Amino acid sequence: MRPDVTTVIDEALTRTWNLLWPPHPGVWIRLAIIALFLGGVVINPLKTDTTLSRTVDISSPAAFAGYMDLLMTLFAGIVVAGVIYVVISSVLQFIFVDCLSSGNIQLTRTLRLRWGKGIRLVGFYLVLLLVILITMLFLMIQILIPGMQGGYFDLMRFMILLIETLLASLIVLIPVWVIAILTADFVVPVMIVDDSGIISGWKRIIRLFSGRWREAGIYTGLKILLIFVTGIILGIVIFLISIPLGLINMAISIGAGLTPDQGNSGIVMFGAGTGAMILISLFLLVPVITFFRYYSLAVLRDLDPDYNLLP
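What you see is a predicted model, and the numbers here were worked out from it, not measured in a lab. All chains use their own residue numbering, which begins from 1 and follows the written sequence. Per-residue local features are limited, in this predicted model, to residues with pLDDT of at least 70; the limit for side-chain atom pairs, both in listing and counting, is 80 or more; totals at the level of whole chains, interfaces and linings are taken over all residues. Hydrogens and water molecules were not included; the side-chain quantities draw on all heavy atoms of the structure.

A. Looking closely at the overall build of the protein chain. In this text, helices come from DSSP runs of H or I with a minimum length of four residues, and strands from runs of E with a minimum of two, each type numbered from the N-terminal end. Scanning the protein chain for helices and strands turns up nine helices and zero strands. In the protein chain, the order of α-helices and β-strands from amino to carboxyl end is α-α-α-α-α-α-α-α-α. Remark: exposure states derive from per-residue accessible area (1.4 Å probe, protein chains only) relative to the maximum for the residue type, with buried under 20%, exposed over 50%, and partly exposed in between. Among the 311 residues that make up the protein chain, the fraction classed as buried is 36%. When checking whether two residues touch, look at their non-hydrogen atoms; a contact exists if any pair is within 4.5 Å. Residue pairs at least 24 apart in sequence account for 76% of intrachain contacts in the protein chain once pairs closer than 6 positions are excluded. For every accessible area listed, the method is Shrake-Rupley and the probe measures 1.4 Å; residues are considered covered only by the protein chains on display. Carbon and sulfur atoms make up 72% of the accessible area of the protein chain, which totals about 17,800 Å².

B. The arrangement of the packing of aromatic side chains in detail. What counts as a ring pair is set by centres within 6.5 Å for rings of Phe, Tyr and Trp (its six-membered ring), and what kind of pair is set by the plane angle: stacked under 30 degrees, edge-to-face over 60, tilted for all other angles. Counted according to the given criterion, the structure contains nine aromatic pairs. Through a chain of ring-to-ring contacts, the aromatic side chains of Phe 186, Phe 209, Tyr 219, Phe 291, Phe 292 and Tyr 295 assemble into a single cluster. Sitting over the ring of Phe 292, Lys 223 keeps its end group 5.2 Å from the ring centre. A ring is scored as having a charge over it whenever the NZ atom of a lysine or the CZ atom of an arginine sits within 6 Å of its centre and within 35 degrees of its normal.

C. Focus on the side chain of Thr 290. On the secondary structure map, Thr 290 appears in helix H9 (residues 260-303). The exposure class assigned to Thr 290 is buried, which follows from its relative accessible area of 0%. Look past the residues within four positions of Thr 290 in its chain and what remains in contact with it is Thr 16, Leu 19, Leu 20, Leu 31, Phe 96 and Leu 100.

D. Molecular detail of the environment of Val 5. In this structure, Val 5 sits in helix H1 (residues 5-20). C-alpha separation for the pair Val 5 and Ile 218, spaced 213 residues apart in sequence, amounts to 8.6 Å. In this structure Val 5 touches Ile 218 and Leu 222, once residues within four positions along its chain are discounted.

E. Quick look at the pattern of salt bridges. Each salt bridge in this description consists of a side-chain nitrogen of Lys or Arg and a carboxyl oxygen of Asp or Glu lying within 4 Å of one another. Tallied over the full model, the rule gives eight salt bridges. The shortest N-O distance in the salt bridge between Glu 11 and Arg 15 comes to 2.9 Å. Highlighted residues: Glu 11 and Arg 15, both in helix H1, separated by four residues, approximately one helical turn. In this structure, Asp 302 and Arg 301 form a salt bridge, with 3.0 Å as the shortest nitrogen-oxygen distance. Several salt bridges share partner residues, and in doing so they unite Glu 11, Arg 15, Arg 301 and Asp 302 into one network.

F. Layout of unusual backbone geometry. Pro 22 follows Trp 21 through a cis peptide bond whose omega is 0 degrees. The topology assignment puts Pro 22 in the loop between H1 and helix H2 (25-38). Positive phi, normally seen in glycine, also occurs at Asp 195, with a value near 50 degrees.

G. Up close: the confidence of the model for the protein chain. Confidence along the protein chain averages 79 in pLDDT terms, with 76% of residues attaining 70 or more. How sure the predictor is of each residue is captured by pLDDT, a score from 0 to 100. Within the protein chain, the lowest mean pLDDT, 53, falls on helix H8 (residues 247-256), and the highest, 93, falls on H2. The low-confidence segment residues 41-58, where pLDDT is below 50, has 30 contacts with residues more than four positions distant or belonging to other chains.

H. Examining the side chain of Gln 93 more closely. Within the fold, Gln 93 resides in helix H3 (residues 61-102). Its relative accessible area of 8% is what places Gln 93 among the buried residues. Those residues in contact with Gln 93 that lie beyond four places of it in its chain are Leu 38, Leu 121, Tyr 125, Ala 184, Val 188 and Arg 293.

I. Structural view of the nonpolar core. In these notes, a set of buried Ala, Val, Leu, Ile, Met, Phe, Trp, Tyr and Cys residues joined through side-chain atoms within 4.5 Å is what counts as a nonpolar core. In terms of nonpolar packing, the biggest core is built from 63 residues, with Leu 31, Phe 186 and Ile 205 touching the most fellow members. Taken together, the elements giving at least two residues each to this core come down to H1, H2, H3, helix H4 (111-147), helix H5 (155-194), helix H6 (198-209), helix H7 (213-245) and H9. With 14 residues, H9 is the largest single contributor of residues to this core. Excluding anything up to four places from it in sequence, Ile 205 contacts Phe 186, Val 187, Val 190 and Leu 300.

What follows is the structure in C-alpha cells.
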C-alpha cells in the first residue's frame with residue numbers, strides 16, 4: 001500500500017490531539033522526559049561566560065598544570081554525561097514506541113524488554129559518530145591544515161578554510177543524519193515487531209522501500225522540512241517567552257561585569273530563568289515529538305500492515 005501523505009499527516013495530528021488533550025499531568029510529564037532525550041532542549045541562545053571578567057594566571061608551571069587538570073576533569077565529565085545521555089536516549093526510542101502503540105504512557109513498563117536493543121542502538125550511533133569524526137579529521141588534514149601553513153596565523157583565512165571544511169563535511173553529515181532519522185523512525189519499530197537487531201531491521205526496511213524509493217524520498221524530505229519549520233517556530237516562541245523572564249537583560253548584565261554580590265545574585269536569577277526556559281521548552285516539544293513518531297508509525301503501517309503498531 002502506498003501511504004498518502006495528507007491522510008497520514010492528518011491521522012498523526014488526530015492521534016496526537018487525542019493523546020494530549022485534555023491534558024493529563026502524568027502523561028505530559030513522562031513525555032517531557034522523553035522529549036529531553038529524544039527532542040533536545042531549546043534554550044536561550046545567549047551564552048554568558050562570567051569567567052571572562054576574571055584574569056586567569058597560568059604563567060607558573062603549577063598553575064598551568066592545575067588549569068589543565070581542571071579542563072581534563074571537565075572534559076571527562078562531559079564525555080561520561082554524553083555517554084549516559086546517548087544510552088538513555090537509545091533505550092527511550094523503543095519505550096516511546098511502546099508507549100504510543102499501547103496508549104499506556106509508562107516509562108518503566110517495557111524497560112527490561114528494551115534495554116538490550118537500546119544498547120545495540122547505542123553501538124550503531126557510535127559507528128555513525130565515528131564516521132563523522134573520521135570525515136572531519138580527513139577534511140581538516142586535506143583542507144584546513146595545509147591552508148594554514150605559512151608561518152603566521154591569519155584569522156580571516158582560518159575562518160574561510162573552516163567554512164570550506166564544514167561545507168565539504170555536509171556531503172557526509174547529511175546522509176548520516178538521514179540514516180539516523182530512518183533508523184529511529186522505521187528500524188526501531190521493526191526491531192520491536194521482529195525482535196531483531198539493527199542489521200536485520202535495516203534489511204527489512206530496505207526490502208519494504210524497494211520499488212518505493214519515491215515514497216522514501218518524499219517522507220525524508222517532508223520530515224526534514226517539518227523539523228526545520230517546527231524548529232524555527234519553537235525558537236521564535238522560546239525567544240518571546242525569554243523576554244518576560246528577563247533572561248536577555250540578565251545575560252547582558254552578567255556579561256558586562258558585576259560586583260561579586262551582584263554577580264552571584266545575577267547568576268542565580270539567570271540559572272533559575274534558564275531552568276524555567278528548559279522546562280517550558282520540554283513541554284513545547286511534547287506534541288512535536290509525539291506527532292513525528294505517530295507520523296512515522298502510520299507510514300510504516302501503510303508500507304506493510306504486519307508492522308501496524310498503532311492502537
